[in-house]
Amino acid sequence: MRAYELMVIISGALDENSAHGWLKTITSSVAANGGKVHGEPDWWGRRRLAYPIKKMDDGYYAVFNIVAPAGAMDEVERGFRISDDVLRHKLIRLPDAEAARRGMVSAV
């Protein structure tokens, strides 16, 4: 199992409840691909974007800590790319020391 950090920017054109619905959608998508969201997603709320993305000036930010097998996040990322509501996403694999510090994997 590998540890990941996922940041997602959801369209600011959505209302707050619809944007929160994306948290459940992302969590279920990760689980369907064999992964698990570690802890609760860090909801930053609505923020102004540094520059317009898809002609939008605002977006809802959320950060997830995820533990998943290698390659499991490919299908999740594919869903983000074809969605109109996800403006941007960034998935990074955490170094083992950082993942252990966050309590996502046992220290080796």
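Residues numbered from 1 in each chain as written. Predicted model: local features only at pLDDT ≥ 70, side-chain atom pairs only at ≥ 80, totals over all residues. Heavy atoms only, no water.

S.K.: When you look at the overall build of the protein in this model, what are you seeing that I'm missing?
M.R.: A count of helices and strands for the protein gives 3 helices and 5 strands. Along its sequence from the N terminus, the protein presents helices and strands in the succession β-α-β-β-β-α-β-α. Scaling as 2.2 N^0.38, a compact globule of 108 residues should have a C-alpha radius of gyration of about 13 Å, and the protein matches this with 14 Å. The dimensions of the protein, computed from C-alpha atoms along their principal axes, are 45 × 25 × 20 Å. Taking as baseline every contact in the protein between residues at least 6 positions apart, the subset at least 24 positions apart corresponds to 73%. Total accessible area computed for the protein in this model is approximately 6,400 Å², and 50% of it derives from carbon and sulfur atoms. (Helix = DSSP H or I, 4+ residues; strand = E, 2+ residues; numbered from the N terminus. Rg over C-alpha atoms; globule rule 2.2 N^0.38 Å. Contact = heavy atoms within 4.5 Å. Areas by Shrake-Rupley, 256 points an atom, 1.4 Å probe, with all protein chains shown as cover.)

S.K.: What is the right way to look at unusual backbone geometry in this model?
M.R.: Trans peptide bonds make up most of the peptide bonds, and negative phi angles are found at most residues other than glycine. With a phi angle near 55°, K54 is a residue other than glycine that sits in the positive phi range. By the secondary structure assignment, K54 is in the loop between β3 (42-53) and β4 (56-68). Of note in this structure, K55 is not a glycine but carries a positive phi near 60°. For K55, the position within the fold is in the loop between β3 and β4.

S.K.: How should I be thinking about the side chain of S83 in this particular structure?
M.R.: Mapping S83 onto the fold places it in the loop between α2 (73-82) and β5 (86-93). Within the local environment of S83, its side chain forms a polar contact with the backbone nitrogen of D85, the two atoms lying 3.2 Å apart. Excluding residues within four positions of it along the chain, S83 makes contact with W22 and K54. (Polar contact = N/O pair within 3.5 Å; in protein donor to acceptor, adjacent residues only side chain to side chain.)

S.K.: What am I meant to see in the nonpolar core here?
M.R.: One recurring pattern in soluble globular proteins is that nonpolar side chains are buried together. Counting residues in hydrophobic clusters, the biggest one holds 22 residues, and the most contacted among them are L6, V8, I26, F64, I66 and M73. Secondary-structure elements contributing two or more residues to this core are β1 (2-11), α1 (16-32), β4, α2 and β5. The contact partners of L6, leaving out residues within four places of it in the chain, are I26, A62, V63, F64, I66, F80, H89, K90 and L91. (Core = buried A, V, L, I, M, F, W, Y, C linked by side-chain atoms within 4.5 Å. Buried < 20%, exposed > 50% of the residue type's maximum accessible area, 1.4 Å probe, protein only.)

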